[in-house]
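Below are the chains, spelled out letter by letter.
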Amino acid sequence: MEGEGNDCAFMGEDSHPGAPLHGNSSILSSTFFLDHVGEVSLVFNSDGLFWEPINSPNASAMVEGEVDGDCGCYSNGNKRKHSLRKGILQLSALEMKRPDGSICFGIKSRSKAASEIKLSDIYAVELSHHGPIHITNLPHATEHLLFGNDIKLYRFIVHGFIRSKNQLSQWIPTTYTFGHKDFRVCEMWVNKLNAFLDRDVGRPRNLLVFVNPKSGKRNGCKTWEAVGPIFSRAKVETKVILTKRAGQALDVMSSMTNKELNNYDGVVAVGGDGFFNEILNGFLSPRFKAPNPPTPSDFVHPADDNGDSSVLKENERAQEIPEQCEDKIPFISSEDQSAAKASYNISGETDDEFHILNQRFRIGIIPAGSTDAIVMCTTGTRDAVTSALHIVLGKRVRLDIAQIVRWKATPRSEIQPYMRYTASFAGSYEAEIAYLDVGSDEPNLTSKRRHEDNMSELNTQKSERRVCCVDCKICNENSDPTSTGISSLTPHLYSEGGKWKKSKGRFLSVGAALISCRNDKAPDGLVVDAHLSDGFLHLILIRECPHASYLRHLIQLTKSGGSPLNFQFVEHHKTPTFTFTSMGKESVWNLDGEIFEAHQLSAQVFRGLVCLFASGPQV
């Protein structure tokens, strides 16, 4: 295929024909017609595809009779050949050179800047049938004289995406159609490009897809039908399960053997946050065994409040527990660490072993729910197409997961531990909360400040916000994806100087956000600077306050750049673990959209426990 016969050249590492479009050595270089542009010089190197328009009069080469009329070119015997050349020469005489060397025909000039698409942004390349290519960079008279509106060539299509100008996190599918007179040239380019895409081991090849037809506005099926072609085009095999009842996805995931799960590169949830929670628990519960969250010594059998200084009075702010009453941090012994490590299924000694902490297996979310907070936080947008593109391109981001252990469902229940996993949760009660203060830099310090102002007044002081984003430094800081020990998942439990603190009172809301919990009604979420994988949760306690004050708090939540945590009735604690005991008759929590009754519970964060098909929001 090499040489002038097909207008295509292979480039070696030391070959630099002409002036390259980019610094990297080219793998292929040729001249094509790009649909809706015209004749371009196309270069393929290890970074991607780069093209630059060629001056339009060069299109006269198309009438030199190299191929027959079926390819859109004219043979030497064509009676129009002389008039075509004449028309081109007449128009060429009208060319005017600008000072910068560009050419103007009295029409809107085209940009000479090279265009490109990175390999990492290409999700499919395919041959297309012989068909039309529309040219726009020829002078109008020449275009009409030569070909009318279109020429017919052999084609190949490159599928990728561009970022929305209005919302950077939203990805818009785009195609580039290149045409050539020789089918073999198109075929060679397609094979070469696909060979490079196949080398990207991070891209999934087989996925298990769960579709919830009842999620949100019951549009789960329509959502999958809309994005399904993206997976087919990217040559991703999908096994689709349409759920017929609540809990079906959890049952299927938990009953699958490790050998069966290893056949897939990941699992995709087409639905909302609650559906994601089903799949998350079905994935983790039978495979991830970890010690229960640490608790204060009086937690499981709480004593009546006898005025002990370690228990705060109603509406009293959290303060450090006196040293003589302080519970020691429950460090895990080396023996327990070894036992826990074995229970993580990370030894990899058998073929059937499934590695929870590997980076190959990921969970994808295609939003079709009512709020879709998790996908908003991990991709930056609530857009099904954007999520599908993240999945087929093999994007990867780690996500903190909280282990929730319910000790008692109701005040009269017997103590019976029941475990669930979640990415965010909240409830409303009169309660006592204990949390482990490890001396982290809290992004909001209102819980540590005392003011004489009225509780409803908004604090004017704002701390610096370090928002989670693509390639987040905080999430990647001291993160070792190859580590398999328990300490790598709970690094903050082993910090020196950690102390238990307690807070008690009547709360309108008790929330624990591992992520910012962004959604359409709260553009910044509950905690704007919560991170996807830093090993912390944000404990948010909203104390009883006047209705007008609470309304102001809610209004701040609806504002981009608002400060919903800077109120005197709001406590905000950044912690790796906490406990909760209700003082009322009923206590209901919301775990990623799933209702969870719990009178008494404990929780801890596992840093980056699962991998998602996402890259973080673009800010």
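Residues numbered from 1 in each chain as written. Predicted model: local features only at pLDDT ≥ 70, side-chain atom pairs only at ≥ 80, totals over all residues. Heavy atoms only, no water.

Some words on the packing of aromatic side chains
Then, number 1: In total, this model carries 18 aromatic pairs according to the counting rule given.
Then, number 2: Look at Tyr154 and Phe183: their rings are 5.7 Å apart centre to centre, the planes differ by 70°, and that puts the pair in the edge-to-face class. With Tyr154 in strand E9 (residues 150–163) and Phe183 in helix H3 (residues 183–198), the pair connects residues that are 29 residues apart, well separated along the chain.
Then, number 3: By relative accessible area, which is 27% here, Tyr154 ends up partly exposed. (Phe/Tyr/Trp six-rings, centres within 6.5 Å; stacked < 30°, edge-to-face > 60°. Helix = DSSP H or I, 4+ residues; strand = E, 2+ residues; numbered from the N terminus. Buried < 20%, exposed > 50% of the residue type's maximum accessible area, 1.4 Å probe, protein only.)

Thoughts on the confidence of the model for the protein
Then, number 1: Looking at the protein, the pLDDT average stands at 77 and 69% of residues meet or exceed 70.
Then, number 2: Confidence over residues 1–5 falls short of pLDDT 50; this stretch has 9 contacts with residues more than four positions distant or in other chains.
Then, number 3: Here residues 11–20 scores under 50 on pLDDT; set against residues more than four positions off or in separate chains, the count is 8 contacts. (pLDDT = per-residue confidence, 0-100. Contact = heavy atoms within 4.5 Å.)

Things to note about the packing of helix H5 (residues 248–255) against helix H7 (residues 273–284)
Then, number 1: Two elements in contact, H5 and H7, have axes separated by 7 Å at closest approach and are oriented at 20°. Relative to H7, the element H5 lies roughly parallel. The hand of the H5/H7 crossing is right-handed. For the pair formed by H5 and H7, the contact residues are Gln248, Ala249, Leu250, Met253 and Ser254 on the first element and Phe275, Glu278, Ile279, Asn281, Gly282 and Phe283 on the second.
Then, number 2: Residues belonging to the contact of H5 with H7 are distributed by class as follows: 6 nonpolar, 4 polar and 1 charged. (Axes fitted to C-alpha atoms, helices over the stretch in contact; angles between N-to-C directions. Parallel < 35°, antiparallel > 145°, perpendicular 65-115°, else oblique. Left-handed = near helix turned anticlockwise from the far one by under 90°. Nonpolar A, V, L, I, M, F, W, Y, C, P; charged D, E, K, R; others polar.)

So, unusual backbone geometry
Then, number 1: Residue Arg218 is not a glycine yet carries a positive backbone phi of 60°.
Then, number 2: Turning to its location among the elements, Arg218 is positioned in the loop between strand E11 (206–211) and helix H4 (220–233).
Then, number 3: Positive phi is not limited to glycine here, since Asp372 has a value of about 55°.
Then, number 4: Here Asp372 falls in the buried class, since its relative accessible area comes to 3%.

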